[in-house]
Each structure stands twice: as structure tokens, then as C-alpha cells.
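# Descriptive structure summary
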Amino acid sequence: MDNGKFCMKIVIIIPTYNEKSNIEKMIPVLEKDIFPKISNHSMAILIVDDNSPDGTAEVVKEYMKKWLNIHLLSGKKNGLGAAYVRGMKFAMDKMDADAVMEFDSDFQHNPQDIPRLVKAMDEGADYVIGSRYINGGSIPKEWGADRKFLSVFGNLFTRVVWLNFKIHDMTSGFKLTKTIFLKKVDLDHMLAQNFAYKMQIIHDIIKLKAKIQEVPIVFYERTQGKSKISLQDQFKSFYVVTRLGIYDRKRFLQFLIVGGTGFVLQFITVYVVIIFGIKQFIAAMIGGEIAILWNFFANNMWTFKDTRSLQQQGRIWQRLVKFNFVSLASIGVQGLVVYLAVKFLGEKLKFFGLIVHTSIAILFPTIILLVIPMNYVIYNRFIWKTHQLKK
Ligand code: GDD
Ligand code: MN
């Protein structure tokens, strides 16, 4: 199958814990059956065993006498993620791997699929996912409804929280990764040591803009030994996904919190000012300006704190005046939308059987779909100029 493509050193990393009977069968299959099908690359196996009490390592050592491309890394049991991090570092630093594969020892991943993942990389992918959730892929039909639900829901949750609908299988444990990308992942600071490790790696790979390709795989039911995944592991994955999602959208979430509290502050101010016997329209204007000031200073000190170096170039009061004009423009937009809505739809609207003022019905979607995105863009581009920040 030598098609003249660049020859890579590919290391198949197989973590094992009490997998003696599986690894006994797996290594000969890889060596005799699979590797000859990938003759254009240099293939190696790295078993990361956590001193399995069943003697998995002894089996591996026997095979190492027969095949010289097998390596064994033994260590303390700290979870699947810790084992993979250890294995990945070893493959990159000591074995000069160009690509590493994450692969299970228990035949739930079919070794016959390996050449197809390698082929996808030959054809240009940087990160290949053995995917159960695209055409031709599947999860075991023997799985109970609970495990099926967790897998499907976990994937959907990740896609929604990360706003990424291009990737269908986020939680697969069967991957091929170019090490030029993996080297840029901070393996020393992982949020989880267990199964959730893979959520952080895929997240970082996406951010690095690697070319990602999914290849369908059938995920089989385990026939020998026991699964090591626990309910706690699965929940840790939700935590890692959420944590990374929040981190990516940190600025936007801060902006929303500031805007929301500003809104509450505005109402309280108007109420208090009216109690002091001041005319309602003046109270409304004071409330509006209080909200503007709150938004300006809270965003300045918190949401856009990292733009401080840029802020020193301009005077703060100039920015505050600019901010007031922007806020006026946003009030103008809301007025215009309500004016047009009343003109074309009438003073009142029927809404799910309820008669409401058109302004009230229209303001809610306007604020969410127009005002919030518009303000966010204006703050970033014109007030705090985040695009000038040095990366
Ligand atoms: N060294 C080491 N240390 N190996 C481990 C550990 C550990 O703490 N925990 C599990 N392993 C090894 C197992 O021996 C096996 O070879 C492989 O990792 C997968 O473990 P399983 O226990 O069989 O995992 P699973 O089948 O429940 O989960 C698989 O499918 C998930 C998707 O449904 C894995 O591929 C997951 O990564 C994947 O998310
Ligand atoms: Mn398994």
C-alpha cells in the first residue's frame, strides 16, 4: 500500500488495567494482521499499564521479545487521563511520534478500522475521530437505555455548550492525532485525570484549528473483562465541558451579568427617586443614566479589564462620553423598532390568546437578538478595542 505519501511514525497508545486476556489477543492482531496493511508508515505500540494485578505487563514483556516495536510504560494507577498523558508525552519525547492513536485494548474498537483512520490522515486530516454518530457508525445495541442516553446526551450537551455542530462524536475514545497539534495542548494542566481528559484534548484541538475528520466506526460490546468507567467519570466530563465552555465565553458572560445587574439597578433607582417626590420622567432619565454609568464602570473594571494597557492611550472621560452616545444609539434603535412595529402591527398584539402592548411584545426579542449582540460588538470594536490586544 505504499502510495508515496509522507512516512509517519505512528504510535498506538493502549492504556490497560487488568486486560491480560484482551492484550494477549490484541498485540498479535495488530502486528500480524493490521500493521502490514499500513506499510507506508512506521507503526509502534505503546502499552500504558498501571501495574495491573492480573499480570497484563508480563504478557506484554513476552511479546516485546518477539516484536521490537512494542514499548511498555508501567506506573501508578491515577486514572485513564493520567495514563494517556504519560503515554502521549513518552510517545512524543522518547519515540519521536508524528501521530498518536488512542485505542482501547478490549476489542470494543475494531483493529480493522485502524487503516481507515490512518488513510484519513494521509488524505490531509490532522485529527481523526473514530465516530459512532455518523452514517455507518454505531453504539452497542446491547447497551442499556441509561448508558445509551448518557452517551447521546453527553454528545449533544458538548455540542450545544461549545456551539460546535460540525463534530458528531465528541466522546469517542478512538482517535488519531498529529503530534504537531498535541504538542500545543497543555498536558501538564488537565482539568481531569480520568475519562474526561479527552474532552479537554478535543476542545484544545478544535481551538487550534486542526483539520478534523470523522470516520465511522462500530463500537462493539465488551466480551472480556470489565469496563472501568464509573458514573462519577461521566459527570466529570460534564464539568470539564462546562468549565471550558465558560472559559471560552468568559467575556460575553461577564458582559451579560453587568447588563443584567444594570437593568435591576435602573429599576431600583427609578423607584427610589420617585419616592423622593421627583417627577416620573426625570426619574426615568436618572435611572437610565445610572444604568449607563454602571455598565461603563463595571465593564471597564471587570469585563474588559485586560484592555487596561490600551485604555491608557485614551482618557477615561472621553470613553465615558463615547459610551453614553453608544447607549443613546441603542435606545434609538429600540425606539425605532417599536415605532415600526406599532405602525405595521398596531398598538396591541394578540399573543397566545393574550392581548399585550406591541412595545412589550417586540422589545424582548429585540433586546436579545439585536441590542445585546450590537452592544457587545460595539464595546469590543469601538469602546475597548479588544482586537488591538496582543495575543
Ligand atoms: N492504564 C490505565 N489506567 N488504563 C485504563 C484505566 C486506568 O485507570 N481505566 C481504563 N483503562 C483502559 C482499559 O483497560 C481499556 O483498555 C481502555 O482504557 C478503555 O477502558 P474501558 O473501561 O473499557 O472504557 P469504556 O469501554 O467504558 O469506555 C470507552 O468508550 C467510551 C465511549 O463510550 C473508552 O474508549 C472511552 O474513552 C470512551 O469515551
Ligand atoms: Mn471498553
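A few points on the structure. Predicted model only: the values in this text are computed from it and were never measured.

## Here's the deal with the coordination of the manganese ion (ligand 2)
Looking at the manganese ion (ligand 2), one finds its protein donor set to be Asp106 (OD) and Gln108 (OE1), positioned 1.9 to 2.0 Å from the metal centre. Considered together, aspartate 106 and glutamine 108 belong to a single accessibility category, that of buried residues.

## So, helix H4 (residues 114-122)
Extensive coverage of H4 is indicated by the burial of seven of its nine residues. Within H4, burial applies to Ile114, Pro115, Leu117, Val118, Ala120, Met121 and Asp122. If you follow the buried residues of H4, they end up packed against strand S1 (9-16), helix H1 (20-34), strand S4 (99-102), strand S5 (127-131), strand S6 (175-178) and strand S7 (212-216). Trailing H4 by a residue or two, glycine 124 shows a phi angle of about 125°, which is positive.

## What about the pattern of salt bridges?
Here the structure, examined in full by the defined rule, presents 14 salt bridges. The salt bridge partner of aspartate 50 is arginine 86, with a shortest N-O separation of 3.2 Å. One end of the pair, aspartate 50, is in the loop between strand S2 (42-49) and helix H2 (56-66); the other, arginine 86, is in helix H3 (residues 80-93), with 36 residues separating them in the sequence. A residue is classified by how much of its surface remains accessible, and aspartate 50, at 7% relative accessible area, is buried. Taking relative accessible area as the criterion, arginine 86 reaches 26% and is therefore assigned partly exposed.

## Description of the site of ligand 1
The environment of ligand 1 is made up of 27 residues, and the closest members are Glu19, Asp50, Asp104, Gln108 and Lys228. In the model, an oxygen atom of ligand 1 is placed 2.8 Å from a nitrogen or oxygen of the proline 15 main chain. Interatomic distance of 2.8 Å between a side-chain N/O atom of arginine 222 and an oxygen atom of ligand 1. Elements supplying a minimum of two residues to the shell around ligand 1: S1 and H3. Its residues placed into classes, the shell around ligand 1 shows nine nonpolar, eight polar and ten charged.

## Quick look at helix H13 (residues 358-383)
Compared with the 38 Å implied by 1.5 Å per residue over 26 residues, the 32 Å span of H13 between its first and last C-alpha is markedly short. The largest bend in H13 is about 50°, located at isoleucine 367. Taken residue by residue, H13 has Thr358, Ala361, Ile362, Thr366, Val371, Asn375, Tyr376, Ile378, Tyr379, Asn380 and Ile383 as its buried positions. In this structure, the buried side of H13 is in contact with helix H9 (250-275), helix H10 (280-303), helix H12 (316-345), strand S8 (348-351) and strand S9 (354-357). A positive backbone phi angle near 50° is found at lysine 385, which sits one or two residues after H13.

Rules of the game
- Residues numbered from 1 in each chain as written.
- Chains lettered and ligands numbered in written order.
- Predicted model: local features only at pLDDT ≥ 70, side-chain atom pairs only at ≥ 80, totals over all residues.
- Heavy atoms only, no water.
- Donors = N, O, S within 2.8 Å, 3.2 Å for Na, K, Ca; no water.
- Buried < 20%, exposed > 50% of the residue type's maximum accessible area, 1.4 Å probe, protein only.
- Helix = DSSP H or I, 4+ residues; strand = E, 2+ residues; numbered from the N terminus.
- Contact = heavy atoms within 4.5 Å.
- Salt bridge = Lys/Arg side-chain N within 4 Å of Asp/Glu carboxyl O.
- Near = heavy atom within 4 Å.
- Polar contact = N/O pair within 3.5 Å; in protein donor to acceptor, adjacent residues only side chain to side chain.
- Nonpolar A, V, L, I, M, F, W, Y, C, P; charged D, E, K, R; others polar.
- Expected span 1.5 Å × (residues − 1).
- Bend = angle between axes of the 7 residues up to and from the residue.

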